[in-house]
Each structure stands twice: as C-alpha cells, then as structure tokens.
There are 2 protein chains.
Amino acid sequence: MASTESYRSIIHLNGGTWLILALNLLWISAAQSFHVSRQFAPAQPPNPGLSYKTYYFNQKIDHFGFYEDATFKQRYLVSDCNWRKPAGPILFYTGNEGDITLFCNNTGFMWDVAEQLGAMLVFAEHRYYGESMPFGDLSYSDPKYLNYLTSEQALADFAVLIKFLKSSIEGAKDSPVIALGGSYGGMLAAWFRMKYPQVVVGALASSAPIWQFEDLVPCNTFYQTVTNDFKKSGPGCSESILNSWAAINHLSETGDGLQWLSDAFHLCSPLKTKEDVGNFKGWLIETWTNLAMVDYPYPANFLEPLPAWPIQVVCKFLRNPKSGEKELLQDIFQAVNVYYNYTGTAQCLNTSQTASGSLGDLGWTYQACTEMVMPFCSDGVNDMFEPHTWDFQAYSDDCYKQWGVRPRASWITTVYGGKNITSYSNIIFSNGGLDPWSAGGVKESLSDSLIAIMIPEGAHHLDLRSNNAYDPKSVLQARAMEVEYMKKWIQESRNN
Amino acid sequence: MASTESYRSIIHLNGGTWLILALNLLWISAAQSFHVSRQFAPAQPPNPGLSYKTYYFNQKIDHFGFYEDATFKQRYLVSDCNWRKPAGPILFYTGNEGDITLFCNNTGFMWDVAEQLGAMLVFAEHRYYGESMPFGDLSYSDPKYLNYLTSEQALADFAVLIKFLKSSIEGAKDSPVIALGGSYGGMLAAWFRMKYPQVVVGALASSAPIWQFEDLVPCNTFYQTVTNDFKKSGPGCSESILNSWAAINHLSETGDGLQWLSDAFHLCSPLKTKEDVGNFKGWLIETWTNLAMVDYPYPANFLEPLPAWPIQVVCKFLRNPKSGEKELLQDIFQAVNVYYNYTGTAQCLNTSQTASGSLGDLGWTYQACTEMVMPFCSDGVNDMFEPHTWDFQAYSDDCYKQWGVRPRASWITTVYGGKNITSYSNIIFSNGGLDPWSAGGVKESLSDSLIAIMIPEGAHHLDLRSNNAYDPKSVLQARAMEVEYMKKWIQESRNN
C-alpha cells in the first residue's frame, strides 16, 4: 500500500537550464505514521473496515460553467463513532492528490482528536484522484477531459458536499466544520477557509507551501533547506553530494564512464545518452529531497523501509567529500542504497521511480502545468545542487508538449491573494523546520487568527501523524495548540 | 442613448404558474442622474470625450480552466484627472450587464467624489456586454460560447485587470482600490470584496439584492414593495391595479373583448391569443415595476421621459378602483400612458418593450437561467398582482428551451455565502426604501464593517447618482457616510 503523490514535474536538463525537479510533495509522512504508531503507540489505529463508511456524492463536473451539466461521483468517507450529535463539530479533510482512503487511514491526528472534540470525521476525495473520476477511464485521456482539474473546482466540490452533509445528516445542521489538510491538501484547507469562510469556521493547513508561487519567496530556499538537513546530519555530508555532480558529469563524458556509473549504482537500465544522465541526476536530486521530507525520528517503512533519522544514516557514508571521483560516487551509491535498499532485497535500482509505489503523479503533473507553477532554483553555493535557474518559458513549452496546456504563473497569487492575506482569519499554518516545503510556507503569524506554528524537528506535516513515543516535544506542543485553536473556533461559532 | 439592462427573464403564464417576471434591474437611475444633474447641479458633468480614456486588456476567456486558453479584449475606461499620485486611491466600477460607457457616463457619485478623494476612476466592462465579447459576434450564437458568462469569471477579470493596472500604471502600486457598483454591479462589488479582499480594500454595493436567492428572503417581498409604492402615492391606486387583472381576464375571454383591449391600450399589435394576453399582463407588471424603480423626486427622461415622482402622477388616473371594468381599464391605460407617452408622441404602445431602448437583456436572461436564479411570487392579497407561485422546475424547463442550459438554484448561496457573511468585512450595502430590489438587499448592518445604509425616499441606487437639488436629505446623508467609510478604508490600508 505504499504510495506517494508527487510534485514531480518535468525533468528538463537541457543546456544548463533546470526546470522544476521531481519533487515529491508527500503526505507519506501521515501514512507512515499509521504504521509506525502501531508499533509504538497504543492509540486509535484506525481500521478502515470498521471505522468509516464510504459514500458517493453527485458533483457537477463544472461548477463554473453551465454548458457541461453532467455530474460525477465524488467519493467521501465518514467516521461518526465519536460524533456528539446534535451539532458536534465536523473535521473535514480536504483531499489532495491521491486516493482518499490513504488520507483517511493515515491522518492519525484527526483520529486521535476525534473523541476529545466529539467530532465527525469526513475525508473528501479530490476530483481526478482515487475513484473520483469526472469522466471515468477517459478522465486523463485528453486535455478536454482534464479541463476541470483545478483547485477552484475542488474547493467548490468541498463546499457543495458540506452543504449537502449539513442538510442531510440529522443533527449536523449546526455543526461547525473545520478544514484540515497536509501538503497540497493543506493549501486547499487554507484556501477553502479563505474563499468559503461561511462553510468552514477555520482551517489547519499543515506543511502547505501557499507562497511557493511567482516571486513570493526566493526560488532557492527549498533546496537550501534540503541541503541544511544534510549539512546538520554529518560532517562532509552535503559537500559530498555537492561534489558528486562534477564527478558524474566527468564520468558521463565517455562510454566507459557511463558503464562504470551504471555498474556502481546497480542501475536496472544502464546509462547511455545525455538524457539518461539528466534523468539519473534528477533521480538523485529527488532522492535527497525525499529524504529531507521523511526525515522522521523513528523508523518507518512507507516510501521505502527506512531507519530513524534516515539522513543521519545516509550521512555516515558521506564523510569524505574530497576523495577521488569514483570513491566519492561509491559513497553516494551507499548513501542512496540506504534509501532504496535498506532491507537489502533490491536487485537493481530503477531511476524512473523514487518510491516503491506512487499515486497521483500524473494528476499532479497536470496541475503543475496549469495552476501550480512553483519556481525552484539552485546555485551550487548556498545549496548542494548544480546551479539551475528558473526558466518559465521552457517550463511552459514542456507543459504544452506534455498536456497541450500552458501554465499561468500568476494566477494562483491573483486568486488566492499571495502574501496579502491578512483580511482572512482562522487559519493555522504549521510547518516543519526540516521540511523543504516550509520554504513556501507561512512561518510567522500574520494576525491574531492567522497563526503560524513551527515544528523545528519536524519533517513534512509531522503534526498530522498519530502521536508517537518518539515524537519530539515540539510536535506534541504543536498538536496541542492546534486542538486549542480548533476548540476556540468551535466555541466562537457557537457564540455567533 | 436610452438604455436599460433587464432582469427580464422568461415570462411564462401557464396554468396560473408564474415564473420570473420581466424585471428590470436598472441602473438607469444613475444614467438618468447624469442628464438631470446637468440641469440642476453645477458639479462635474462628465464629458466622455474629455474625461476618460478607453483601453482594452487581454483577458483569458476561461480563468477556471486551461483548455480554452484564448483571450478577448476587455474594455475599461480610466479617468485620472483628479488622481493624486503616487498611491492615490482607485475607485473601480465593477461593470454589470451593459455597455460600460453608460455606467461611466452616468454614475455621477464617482465623478462627484473623485476630486475630494484624489481618486482615479476605472470602469471595467463586464464580459459579454458592450464591446467585451469573448467570441466576437459569435458570443451569443451558441451555449458553448456563452459558457464563460458567469459572475465568477467577471470577478476574476476584475482581479486580473486590477493587478495589471497596479503593476503598469506609474504610482499605482500602493493605491488602495475600492469597488463600487449598483444593482447587479453592486452584487459584484460586494462579492468582489468577499472573494478578493486582497485586491479591494472595501466595496460600496448599492441596491444589490445579494439575498434574492433560494429561500433567503420571502419571494413575495419584491412585489409587496412595488405595491406599497403605489399604495402610498394615491388613494385607490394599488386597488385599481389589483382589480385590473380580473377585468383583463374577463375581457380576454371573447374576441370582442380582446379587440376592445387592443384598442383601449392603443396596442401596436392587437391581442389575439392566450399567449398575447399573458405577454400583455407581463408588460403591465413590468411597467409598474419599472415605475417603482425609477420613482425619483425629479423629472428625468432616461427610460422614458417622466415627471418627478412619476408614481404620484400615475396614481392620479387610478382613483376609482371600483368602477366598471372598461372604465377601470381606461384608467389603467391613462396611467400606463404616463410611462410610455408622457410627451404625447407615441403612435401606439408596444408590449414587447418597456423602455425606449434596451441593452444587455439577452445576456441577463442567460445569467438568470444559470446562476442568477431569483425566486419571485405574489399572492394578490398582500400585493396588487395576480397570485403566482414560484415554480423552479417550469423555470428550469424554459431555460433549457431557450438556452440549452439549466439553472442551479443553490449555487449562488453556496459560493457567496448566503446570509452567513459576517466573516467578511468592509462592505457598504445601500438600499432605497422605494426600490423593490431592496427586498433582497442587506438592510441591517451585520458587523462594524458590514454596513447597511437605508435611504427611505430612494428608488433604485439613487445614491450612485450625481448630487441633485431635489435630492432628499437621506440620500445626501448616505453619500456622505459612504465617503467617510471609503476614507476610513483608504486610511486603514495605509496603516497596514
């Protein structure tokens, strides 16, 4: 049941121009927590078979036009065993790019607090993911069918669904609803509160990079954060990775070198072309990035089986940045092997994937090629990657080739307000200090009700995971604060 | 240059079921003020040729999808002669269903306050009206081309345009923007502030019936307001109109009766069928409704040349509600004739129109058949009309016949929040006590920054008209308050 959704976009290593890298915006952390929590924590491991029911709601395919009047079945899951009716709160997970059952089963925090809040849990699947396909099997077959895959349509789905739930579930009419989500789901939760404050009294947006757009944050912070994670985890570690690129480039110049690289990294498909080398380097970048996102304090086996604090383990192999290029790359292989082959069972390494399973990648690449245009760059000085600038035009051209659509770089900031969001209210933005996605997150409170919570020892939306014996204190405090704010919003809504 | 836009929708008098009537949501009041103000007030009569410049901006046809990536030219008008740059405020008229030059020339209030506020004026045309046709001459030729005629797309146009203006006009980067609009334009102004608070610091929504949807207000208040205007304007007046329907119905039963009616009302096309009679009655209803909307305290000649307080003049002919049916209907004709033939030049009366010119009717009927589903009803007891219930299904069927689309009755309340809008801020809702559209308006303040201003002697958005020597004190006070709130919003935005 391994699964990721990916911010993987087009890898385009051409003439030194680096487009968006293969970036996993993972909610794997949450999923992982489910497994881990069963090892360490006694609390509420949700049993999908028992604890929720699956429903389907007829949603309009197009909320913003009337020519396409057909509907599709949006899947949503409900767990009401802890719900205090009438008028107990509803915690509403704003599903992101993946099968909703995985979010449901793996967002341990919601399950952990349901009893305390007397809350109903609802997990709503995002259109074009899981079973919620607007045009069935045809949904991804043509750009015309993909036309309704946007965040605005997804938010409208959520609003219409909540209106339906509140009018149809006995005792729910006066239930305050709180939106929760992680990663892109966190962005949706925040935007949902911003655009539909009458529908949700507040939102918990965990690891939501709502500012990773246009020029709102420097494009290089993301990879600097990845780099810092490695820098802090062992001497020589980030320098080794930095130096590896020149070694790879040098060896790639000859056929023998390519053969050596292919053998040294136990690649399933040997490197042959320049494009292969580009993909190989992209795969390495994604590996380092994934490690930064899942740098959790306890062993986990979701993306790949990994030890506790996996970057520290990786860095044990990367202590000699100045050794010869072949020695250095053998170290790099050992490090990568921690990620891909911790159990020692892999026969070879496949550079076309960075997790043992994946989900939602395709949809996300479409979203990245339309609305979700996130500029990234690196300079090789403040980070451990090769210098790459952000080239929107090349990115756009690649999108057009892949999907027949062109991205609109400034739309998200226009529609959701960019940095100028102080007139909104009741949103918690939580971020992990280890998480590269914190680069685009809201890390300082903007008002009395737009609250930033930092979790210095946290990777990607650690707070949405179940409580765990190895949790750092900062995430326990974060979860406690989040519960307090949710209680406050619930109380305020009752006073109105 | 006479012009109205109309809430005219499908007249459907079938088996006692009355659908939406031909309801003019006129901004004529504002247009009218322009002419009148030149007679009575010395202040700033805007001269279109001198005072503004016309521009065109390339807007995406579809902001909410990427398959249709083409653009169209949105027209907008700018007057910056009073603008204090840098950072002087921008008053932005959120254009509604009509040619934007008419709004520009006729929203006297904006011109009157421009100097005082040091404001730039911008009037943005609503897509599918005036010159802003997404598909040129084809725009209205097929439902597929009309697909992008929605309020959400219009708001997105405004947001994108403002972003462009602030980035491209020297000195405008830090200019606070205030949205203003009347009638549907007022709804757009309010919704614009609600959905894009980062773009506009506040909104003046004049005579904006944002609650004339679903079951937010009783469906019969609108016609009760029309009735009250007539009731207050002369003894026997509303009773005469109430009694006229039975007289018409009785006479319509025979060919001779139809002929008599056609002659008595000097109709250009004699009544022959049941449908003709239905249209005739619809035309009368629209006439009474129009009179209620333009019941201004001074003569005006916009829709039709009219005297001051036209309903009082009309009611002079309607003092004998209990006279015989032919006498009664001859009185009704005299009353109607005030509206259509005050100058005595009309050769015959044309029941297919209720203003000497019209504009935007077609677009509005589409909008009424998609998003803008406004339930109306009457009972013949609390109002002076025949009893008619609101039948959504019949309405929907008619829309499908006319446009190939079906209306979604609950969408507007879902997307814009219905009555639950207290988490929004900085909106003035002004309403006139004589205006039937006040029925769906916000008439009591909802918070410190959601302000209702009532103008008891006001008809449809009187406050947006230029100052006039015959203005009642209440509208002068309303305008003064509106200016104070605008100053406050501007000041607050500068403090942030």
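Residues numbered from 1 in each chain as written. Chains lettered and ligands numbered in written order. Predicted model: local features only at pLDDT ≥ 70, side-chain atom pairs only at ≥ 80, totals over all residues. Heavy atoms only, no water.

**Here we look at the overall build of chain A**
Consideration 1: When helices and strands are counted, chain A shows 17 helices and twelve strands.
Consideration 2: Within chain A, buried positions represent 65% of all 496 residues.
Consideration 3: Residue pairs at least 24 apart in sequence account for 72% of intrachain contacts in chain A once pairs closer than 6 positions are excluded.
Consideration 4: In the structure as shown, chain A presents an accessible area of about 16900 Å², 50% of it carried by carbon and sulfur atoms. (Helix = DSSP H or I, 4+ residues; strand = E, 2+ residues; numbered from the N terminus. Buried < 20%, exposed > 50% of the residue type's maximum accessible area, 1.4 Å probe, protein only. Contact = heavy atoms within 4.5 Å. Areas by Shrake-Rupley, 256 points an atom, 1.4 Å probe, with all protein chains shown as cover.)

**Brief notes about the sheet that holds strand S9 (residues 177–182) of chain A**
All names here are of chain A.
Consideration 1: Read across the sheet, eight strands follow the order S5-S6-S8-S7-S9-S10-S11-S12 without closing on themselves; strand pairing throughout is mixed. Strands with a single pairing partner mark the edges of an open sheet, and in this sheet they are strand S5 (53–60) and strand S12 (450–455). Recorded for the sheet is a direction-independent mean angle of 20 degrees between the axes of neighbouring strands.
Consideration 2: Helix H4 (residues 108–117) rests against strand S6 (71–79), strand S7 (90–94), strand S8 (120–124), S9 and strand S10 (202–206) of the sheet, and its axis sits at about 150 degrees to S8.
Consideration 3: Together, S7, S9, S10 and strand S11 (427–432) form the strand contacts of helix H7 (residues 184–195), whose direction differs from that of S9 by roughly 150 degrees. (Pairing = 2+ DSSP bridges. Axes fitted to C-alpha atoms, helices over the stretch in contact; angles between N-to-C directions.)

**Remarks on the domain arrangement of chain A**
Residue and element names in this part refer to chain A.
Consideration 1: Domain assignment breaks chain A into domain 1 (31–206 + 421–495) and domain 2 (219–340).
Consideration 2: Each of domain 1 and domain 2 was reduced to a C-alpha centroid, and the two centroids are 34 Å apart.
Consideration 3: Approximately 1700 Å² of surface area, both sides summed, lies buried where domain 1 meets domain 2, with 68% of it carried by carbon and sulfur atoms.
Consideration 4: Applying the counting rule to domain 1 against domain 2 returns zero salt bridges.
Consideration 5: Our count for the contact surface shared by domain 1 and domain 2 stands at three residue pairs in polar contact (both at pLDDT 80 or more).
Consideration 6: Residues belonging to the side of domain 1 that touches domain 2 are distributed by class as follows: eleven nonpolar, six polar and four charged. (Domains from an automatic or database assignment. Buried area = accessible area lost by both parts, 1.4 Å probe. Salt bridge = Lys/Arg side-chain N within 4 Å of Asp/Glu carboxyl O. Polar contact = N/O pair within 3.5 Å; in protein donor to acceptor, adjacent residues only side chain to side chain. Nonpolar A, V, L, I, M, F, W, Y, C, P; charged D, E, K, R; others polar.)

**Topic: the state of the cysteines**
Consideration 1: Scanning all chains against the criterion turns up eight disulfides over all chains.
Consideration 2: Note that Cys-219 of chain A is cross-linked by a disulfide to Cys-377 of chain A, the S-S spacing being 2.0 Å. Disulfide Cys-219 of chain A-Cys-377 of chain A: torsion about the S-S bond near 90 degrees, hence right-handed. Of this pair, Cys-219 of chain A sits in the loop between S10 and helix H8 (221–231) while Cys-377 of chain A sits in the loop between helix H14 (361–368) and helix H15 (392–403); the two residues are 158 residues apart in sequence, bridging distant segments of the chain.
Consideration 3: For Cys-219 of chain A, a relative accessible area of 23% translates into the label partly exposed.
Consideration 4: Classification of Cys-377 of chain A as buried rests on a relative accessible area of 9%.
Consideration 5: Between Cys-237 of chain B and Cys-315 of chain B runs a disulfide, and the two sulfur atoms are separated by 2.0 Å. Around the S-S axis, the bridge from Cys-237 of chain B to Cys-315 of chain B shows a dihedral of about -75 degrees and counts as left-handed. With Cys-237 of chain B in helix H9 (residues 237–251) and Cys-315 of chain B in helix H12 (residues 310–315), this pair connects stretches of sequence that are 78 residues apart. (Disulfide = S-S within 2.5 Å.)

**Details of the packing of H9 of chain B against helix H11 (residues 274–293) of chain B**
Residues and elements named next belong to chain B.
Consideration 1: Running from N to C, H9 and H11 point in directions that differ by 170 degrees, and their axes come no closer than 11 Å. It follows from the interaxial angle that H9 and H11 lie roughly antiparallel. Facing H9, whose interface residues are Ile-241, Trp-245, Ile-248 and Asn-249, H11 presents Val-277, Phe-280, Lys-281, Leu-284, Ile-285 and Trp-288.
Consideration 2: Class assignment for the residues of the contact of H9 with H11 results in eight nonpolar, one polar and one charged. (Parallel < 35°, antiparallel > 145°, perpendicular 65-115°, else oblique.)

**Quick notes on empty space enclosed by the protein**
Consideration 1: This model, assessed by the stated rule, comprises four cavities of 30 Å³ or more.
Consideration 2: Roughly 180 Å³ of internal volume is contained in the largest cavity.
Consideration 3: Along its surface, the largest cavity is lined by 14 residues, and Phe-64, Glu-152 and Lys-195 of chain A together with Phe-64 and Lys-195 of chain B are the ones closest to its centre.
Consideration 4: Mapped onto the lining of the largest cavity, the elements with two or more residues apiece are helix H6 (151–168) and helix H16 (411–416) of chain A together with helix H6 (151–168) and helix H16 (411–416) of chain B.
Consideration 5: Class assignment of the residues belonging to the lining of the largest cavity gives a composition of ten nonpolar, no polar and four charged. (1 Å grid on protein atoms, 1.4 Å probe; cavity = no way out; pocket = protein on both sides within 12 Å on 5 of 7 lines; lining within 4 Å. Points joined across faces, edges and corners; volume = space filled by probe spheres on them.)

**Thoughts on the pattern of salt bridges**
Consideration 1: Tallied over the entire structure, the rule returns 28 salt bridges over all chains.
Consideration 2: We note a salt bridge from Asp-157 of chain A to Arg-127 of chain A, for which the minimum N-O separation is 2.7 Å. Of this pair, Asp-157 of chain A sits in helix H6 while Arg-127 of chain A sits in the loop between S8 and helix H5 (143–146), and the two are 30 residues apart along the sequence. For the pair shown, Asp-157 of chain A and Arg-127 of chain A are each scored as buried.
Consideration 3: One salt bridge connects Arg-75 of chain B with Glu-131 of chain B, and the closest N-O pair in it is separated by 3.3 Å. Here Arg-75 of chain B is found in strand S6 (residues 71–79), whereas its partner Glu-131 of chain B is found in the loop between strand S8 (120–124) and helix H5 (143–146), with 56 residues between them in sequence.
Consideration 4: In the salt-bridge network here, residues are joined through shared partners; they are Arg-75, Asp-99, Glu-125 and Glu-131 of chain A.

**Looking at the side chain of Arg-479 of chain B**
Residue and element names in this part refer to chain B.
Consideration 1: For Arg-479, the position within the fold is in helix H17 (residues 473–495).
Consideration 2: Owing to a relative accessible area of 4%, Arg-479 belongs among the buried residues under this scheme.
Consideration 3: One polar contact links the side chain of Arg-479 to the main-chain carbonyl oxygen of Arg-465, over a distance of 3.1 Å.

**Regarding the interface of chain A and chain B**
Consideration 1: The interface of chain A with chain B comprises 42 residues on the first partner and 41 residues on the second.
Consideration 2: Together chain A and chain B conceal approximately 3500 Å² of surface at their shared face, both sides included; 55% is due to carbon and sulfur atoms.
Consideration 3: A salt bridge links Asp-69 of chain A to Arg-408 of chain B; its shortest N-O distance comes to 2.9 Å.
Consideration 4: Contributing elements (two or more residues each) for the side of chain A that touches chain B: H5, H6, H7 and H16 of chain A.
Consideration 5: Here the element with the most residues in the side of chain A that touches chain B is H6 of chain A; it accounts for six residues.
Consideration 6: Of the residues that constitute the side of chain A that touches chain B, the class distribution is 15 nonpolar, 13 polar and 14 charged.

**Things to note about the relation of the copies chain A and chain B**
Consideration 1: When chain A is fitted to chain B, the residual RMSD is 0.1 Å, and the transformation amounts to a turn of 180 degrees plus an axial shift of 0.0 Å. What the rotation and shift describe, once combined, is the action of a two-fold rotation axis. The position closest to the rotation axis in chain A is occupied by the C-alpha of Lys-195 of chain A, lying 3.0 Å away.
Consideration 2: Comparing interface residues between copies, 98% of those in chain A also sit at the interface in chain B, which points to an isologous, same-surface contact. (Least-squares fit on C-alpha atoms with pLDDT ≥ 70 in both.)

**Considering the sheet that holds S8 of chain B**
All names here are of chain B.
Consideration 1: One open sheet holds the eight strands; their spatial order is S5-S6-S8-S7-S9-S10-S11-S12, and the pairing between them is mixed. Because the sheet does not close on itself, it has two edges, and the strands there are strand S5 (53–60) and strand S12 (450–455). Ignoring which end each strand starts from, the neighbouring axes of this sheet average 20 degrees apart.
Consideration 2: By the bridge criterion, four bridges tie S6 to S8 in an arrangement that is antiparallel. Residue Tyr-76 lies in a different strand from S8, and its bridge partner there is Ala-124.
Consideration 3: Lying over the sheet, helix H4 (residues 108–117) contacts S6, strand S7 (90–94), S8, strand S9 (177–182) and strand S10 (202–206), oriented at roughly 150 degrees with respect to S8.
Consideration 4: Where H17 meets the sheet, its contacts fall on S7, S9, S10, strand S11 (427–432) and S12, and the angle it forms with S12 comes to roughly 165 degrees.

**Comments concerning the nonpolar core**
Consideration 1: Residues Trp-191, Phe-230 and Trp-288 of chain A together with Trp-191, Phe-230, Phe-265 and Trp-288 of chain B are the most contacted members of the largest nonpolar core, which totals 303 residues.
Consideration 2: Look past the residues within four positions of Trp-288 of chain A in its chain and what remains in contact with it is Val-226, Phe-230, Ile-241, Trp-245, Val-314, Ile-332, Ala-335, Val-336, Met-384 and Phe-385 of chain A. (Core = buried A, V, L, I, M, F, W, Y, C linked by side-chain atoms within 4.5 Å.)

**Here's the deal with H15 of chain A**
Residue and element names in this part refer to chain A.
Consideration 1: Its twelve residues place the ends of H15 16 Å apart at the C-alpha level, agreeing with the 16 Å of an ideal helix rising 1.5 Å per residue.
Consideration 2: Within H15, the full set of buried residues consists of Ala-394, Tyr-395, Ser-396, Asp-398, Cys-399 and Trp-403.
Consideration 3: On its buried side, H15 packs onto H5 and H14.
Consideration 4: The opening residue of H15 is Asp-391, an N-cap whose side-chain oxygen sits 3.1 Å from the backbone nitrogen of Gln-393.
Consideration 5: In the stretch just after H15, Gly-404 is the one whose phi turns positive, near 75 degrees. (Expected span 1.5 Å × (residues − 1).)

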